[in-house]
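Listed here are the chains, written in short residue letters.
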Amino acid sequence: MRRDWIYAWLLLLPAMIILIGFTHIPAIETLINSFFSTGRGRRPSVFVGSENYATLLADPVFFKALMNNLIYAAVTIPVSIILALLMAVFVNEKLSGRAFLRMAFFTPTVLPLIAVANIWMFFYTPGFGLIDQIRGVFEYPAQNWVGQTDTVLYTMIAVAVWKEAGFFMIFYLAALQTIPTPLREAAALEGANRWYFFRRVTLPLIMPTTLFVSINAVINSVRLIDHIFVMTEGGPNNASKLLLFYVYEVAFQYWDTAYAATLTVVILGILAAVAIAQFYFLDRRVHYK
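Note that the structure is predicted; figures quoted are calculated from it, not measured.

Cut-offs used in this document
Residues numbered from 1 in each chain as written. Predicted model: local features only at pLDDT ≥ 70, side-chain atom pairs only at ≥ 80, totals over all residues. Heavy atoms only, no water. pLDDT = per-residue confidence, 0-100. Helix = DSSP H or I, 4+ residues; strand = E, 2+ residues; numbered from the N terminus. 1 Å grid on protein atoms, 1.4 Å probe; cavity = no way out; pocket = protein on both sides within 12 Å on 5 of 7 lines; lining within 4 Å. Points joined across faces, edges and corners; volume = space filled by probe spheres on them. Nonpolar A, V, L, I, M, F, W, Y, C, P; charged D, E, K, R; others polar. Core = buried A, V, L, I, M, F, W, Y, C linked by side-chain atoms within 4.5 Å. Buried < 20%, exposed > 50% of the residue type's maximum accessible area, 1.4 Å probe, protein only. Contact = heavy atoms within 4.5 Å. Axes fitted to C-alpha atoms, helices over the stretch in contact; angles between N-to-C directions. Parallel < 35°, antiparallel > 145°, perpendicular 65-115°, else oblique. Left-handed = near helix turned anticlockwise from the far one by under 90°.

K.L.:
What should I look at first to understand the confidence of the model for the chain in this one?
P.N.:
Residues with a pLDDT of 70 or more make up 97% of the chain, whose mean pLDDT is 87. Confidence scores differ between elements of the chain, with helix 8 (residues 181-189) showing the lowest mean pLDDT of 79 and helix 3 (residues 60-91) the highest of 93.

Rendered as structure tokens:
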């Protein structure tokens, strides 16, 4: 028994070292730094208590980025999950060219983020971009999609859904393939149609995957930075600025690392609260056996 216990801990040790060294220790240091000022030149950082958090509460840019992130998450999370599930159901059927369809749906996931941003910049280019070329056929005027405050955030949402839906589809496809065939045969014998089987059997059985995918979707909705950096840089007028990009901007453009640490702590708190709520509400409907 002792030998098995030692062997188990030795197997866990590399992952624990990486997790503690690159996740837990930086998180603790970030929390500590949020209570200090930023050292500049010969002026060392000093303890300022909750001053950084008071600054955050009076920061209009933070609340603008927070509102943008809420809208971004409220659209991208359900749309990407529903689209991923529909694609998984579609490519799980016996179709000619099924392997090609699966590859086509998954391809946006493996593309580099910078390449994706540049591809979509071509789509959104006013006048001769792909979208305006299609609109021109119907005699619609050209539009600057990423240059207007009322459309720029939704252009980022479209890019995110296009890239993430294929990634989530893989998990749903794997979950659908674990549903026992006898269940389908028994439902067919009982006269259940496909929609009834999907709603009463398939959805409950893939709830563990839905919980996993939803948590990842929430995390992804907060950590977006590459597309914004290439396409909009948070503009115009902060209309596309999200929380993580604001952290980057404060830390590496304004060099206010203490305030950036404060922003990071608040973001981590929000993510933790959302994850706990997801486990609380969704775990009741999860069937693991």
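What follows continues from the structure just given.
K.L.:
Explain the layout of surface pockets here, please?
P.N.:
Taken as a whole, the largest pocket encloses approximately 630 Å³ of empty space. If you trace the largest pocket, you find 22 residues lining it, with Val89, Glu93, Arg184, Arg194 and Phe197 closest to the centre. When residues of the lining of the largest pocket are traced back to their parent elements, those giving at least two are helix 3, helix 8 and helix 9 (194-205). It is helix 3 that contributes the most residues to the lining of the largest pocket, five residues altogether. For the lining of the largest pocket, a count of residues per class yields twelve nonpolar, five polar and five charged. Roughly 370 Å³ of internal volume is contained in the second largest pocket. In terms of lining, the second largest pocket is formed by 16 residues, of which the most central are Pro26, Thr30, Val247, Ala260 and Thr264. For the lining of the second largest pocket, the elements supplying multiple residues, two or more each, are helix 1 (2-33), helix 12 (243-252) and helix 13 (257-282). Of the residues contributing to the lining of the second largest pocket, the split by class is eleven nonpolar, five polar and no charged.

K.L.:
What is the right way to look at the nonpolar core in this model?
P.N.:
Soluble, globular proteins show a tendency: their nonpolar side chains are buried together. In this structure, Phe62, Tyr172, Ile206 and Leu263 are the most contacted members of the largest nonpolar core, which totals 38 residues. Among the secondary structure elements, those contributing two or more residues to this core are helix 3, helix 7 (152-176), helix 9, helix 10 (207-222), helix 12 and helix 13. With eleven residues, the top contributor of residues to this core is helix 3. Residues contacting tyrosine 172, with those up to four places away along its chain left out, are Ile81, Ala84, Leu85, Ala88, Ile206, Thr209, Thr210 and Val213. Core analysis: the next-biggest nonpolar cluster, separate from the first, contains 20 residues, Ala117, Val146, Leu242 and Phe245 among them.

K.L.:
I tried to follow the packing of helix 5 (residues 113-124) against helix 7 on my own but got confused; where do I start?
P.N.:
To describe two helices that pack against each other, one gives the angle between their axes and the distance between the axes. Contact geometry of helix 5 with helix 7 gives a least axis separation of 11 Å together with a crossing angle of 130°. With respect to their mutual orientation, helix 5 and helix 7 come out oblique. For helix 5 against helix 7, the interelement crossing comes out right-handed. Judged by residue contacts, Leu113, Val116, Trp120 and Tyr124 of helix 5 engage Thr155, Ala158, Val159, Trp162 and Lys163 from helix 7. The residue inventory of the contact of helix 5 with helix 7, partitioned by class, reads seven nonpolar, one polar and one charged.

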